[in-house]
Amino acid sequence: MSKIPVYFMPGLAASPSIFERISLPEDAFEMILLEWEIPLENETLKDYAKRIAEKVTRKDPVLIGVSFGGILVQEMAAFLDAKKVIIISSVKCNTEFPRRFKVAKATKAYKLIPMDLLINVEKLAKFSFGSRVNQRLKLYEKFLSVRDKRYLEWAVENVILWDRCEPDGRVIHIHGDADDVFPIKYITDPIVVKGGTHIMILNKFRWLNENLPKIINY
């Protein structure tokens, strides 16, 4: 029996190394790690998704995305015949955004974020992983590899302005009940991970390693 190809997309500014603790049975699954590329000038999210989707070369892929990567894999699915789309610590549509995201969109406050400061790893860690991150900055420095100003401006804008208003019922949503970036009270019909924060891909990896194979094959 051929292996199921599982493509993983990391969160905003994160490197594929955030998946280093994720392990799927090698006899049944092939893990393929995608990574962020610097967006082209004036590139839309849909065009970017199409470009990254071209890197998905296996038939009947499973797409797994974390946080902003979860938004991206949902957009990529429009260009692929995916077996499953699974998002972790993410949102299925813009109605699942917390109020501060909606205020940022309405006021264009996101344009005031000083990206030069965000390139600082401590601030980027708190922005990408949430306020619960501790001071293990050497660890986060490894995980946050994309510190290009153009990418950060593009990524923040495309999160805030994401125009999907209705969730795709086929998307499988795994979410922690302690996520402070996308609070669970705004999330509809997730698979709930008790105690899971926005960085549960790192600290709830045992739950994910146990349950992802069952979720993929369900």
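Here, the structure is the one placed above.
Residues numbered from 1 in each chain as written. Predicted model: local features only at pLDDT ≥ 70, side-chain atom pairs only at ≥ 80, totals over all residues. Heavy atoms only, no water.

Trainee: Help me get a handle on the overall build of the protein, residues and values and all.
Mentor: When helices and strands are tallied, the protein shows nine helices and six strands. Looking at the protein as a whole, 53% of its 218 residues are labelled buried. Of all intrachain contacts in the protein linking residues separated by at least 6 positions in sequence, the fraction that spans at least 24 positions is 65%. Carbon and sulfur atoms provide 52% of the accessible area of the protein, an area that totals close to 10,800 Å². (Helix = DSSP H or I, 4+ residues; strand = E, 2+ residues; numbered from the N terminus. Buried < 20%, exposed > 50% of the residue type's maximum accessible area, 1.4 Å probe, protein only. Contact = heavy atoms within 4.5 Å. Areas by Shrake-Rupley, 256 points an atom, 1.4 Å probe, with all protein chains shown as cover.)

Trainee: For the packing of helix α1 (residues 45-53) against helix α2 (residues 68-76), give the residues involved together with the corresponding values.
Mentor: In the contact formed by α1 and α2, the axes pass within 8 Å of each other and the chain directions differ by 80°. With respect to their mutual orientation, α1 and α2 come out roughly perpendicular. Where α1 approaches α2, its residues L45, K46, Y48, A49, I52 and A53 are matched on the opposing element by F68, I71, L72, E75 and M76. In terms of residue class, the contact of α1 with α2 is made up of nine nonpolar, no polar and two charged. (Axes fitted to C-alpha atoms, helices over the stretch in contact; angles between N-to-C directions. Parallel < 35°, antiparallel > 145°, perpendicular 65-115°, else oblique. Nonpolar A, V, L, I, M, F, W, Y, C, P; charged D, E, K, R; others polar.)

Trainee: Outline the packing of aromatic side chains, supporting the account with residue identities and numerical values.
Mentor: In total, this model carries 10 aromatic pairs according to the counting rule given. Taken together, a centroid distance of 6.1 Å and an interplanar angle of 25° make the contact between F97 and F182 stacked. Of this pair, F97 sits in the loop between β4 (84-88) and α3 (99-107) while F182 sits in the loop between β5 (172-176) and β6 (191-193), and the two are 85 residues apart along the sequence. Given the relative accessible area of 3%, F182 is considered buried. Here the aromatic residues W36, Y48, F68, Y151 and W154 are joined through ring pairs into a cluster of three or more. (Phe/Tyr/Trp six-rings, centres within 6.5 Å; stacked < 30°, edge-to-face > 60°.)

Trainee: Report on the side chain of K92, specifying residues and quantitative values.
Mentor: For K92, the position within the fold is in the loop between β4 and α3. Judged by its relative accessible area of 5%, K92 is buried. Excluding anything up to four places from it in sequence, K92 contacts Q74, I87, W162, R164, E166, P167, V171, H173, I187 and T188.

Trainee: Before we move on, can you summarise the sheet that holds strand β3 (residues 62-66) with the specific residues and values?
Mentor: Overall, parallel pairing links the six strands, which are arranged β2-β1-β3-β4-β5-β6 in an open sheet. Single-partner strands in this sheet number two, and they are β2 (29-33) and β6. Within the sheet, the average angular offset between the axes of one strand and its neighbour, ignoring direction, is 20°. Note that β3 and β4 share five bridges and pair parallel. Within β4, the position partnered with L63 by the bridge is V85. Contacting β1 (4-9), β3 and β4, α2 crosses the sheet at an angle of about 150° to β3. (Pairing = 2+ DSSP bridges.)

Trainee: Account for the nonpolar core, naming residues and giving values.
Mentor: Among the nonpolar cores identified, the biggest contains 69 residues, and F68, M76 and Y151 are the most heavily contacted of them. Ranked by residue count, the leading element in this core is helix α7 (residues 149-160), at seven residues. (Core = buried A, V, L, I, M, F, W, Y, C linked by side-chain atoms within 4.5 Å.)

Trainee: Outline the pattern of salt bridges, supporting the account with residue identities and numerical values.
Mentor: Two side chains carrying opposite charge are able to pair once their charged atoms lie near each other. Summed over the entire model, instances satisfying the criterion amount to nine salt bridges. For R58, the salt bridge is made with E30, and the minimal N-O distance between the two is 2.7 Å. Residue R58 is found in the loop between α1 and β3, and its partner E30 is found in strand β2; the two are separated by 28 residues along the sequence. For E75, the salt bridge identified is with K46, shortest N-O distance 3.7 Å. Of the two residues, E75 is situated in helix α2 and K46 in helix α1; the sequence distance between them amounts to 29 residues. Residue classification places E75 among the buried residues on the basis of a relative accessible area of 5%. Looking at K46, the relative accessible area reads 42%, which means it is partly exposed. Each of E37, E43, R51 and K55 takes part in one network of salt bridges that share partners. (Salt bridge = Lys/Arg side-chain N within 4 Å of Asp/Glu carboxyl O.)

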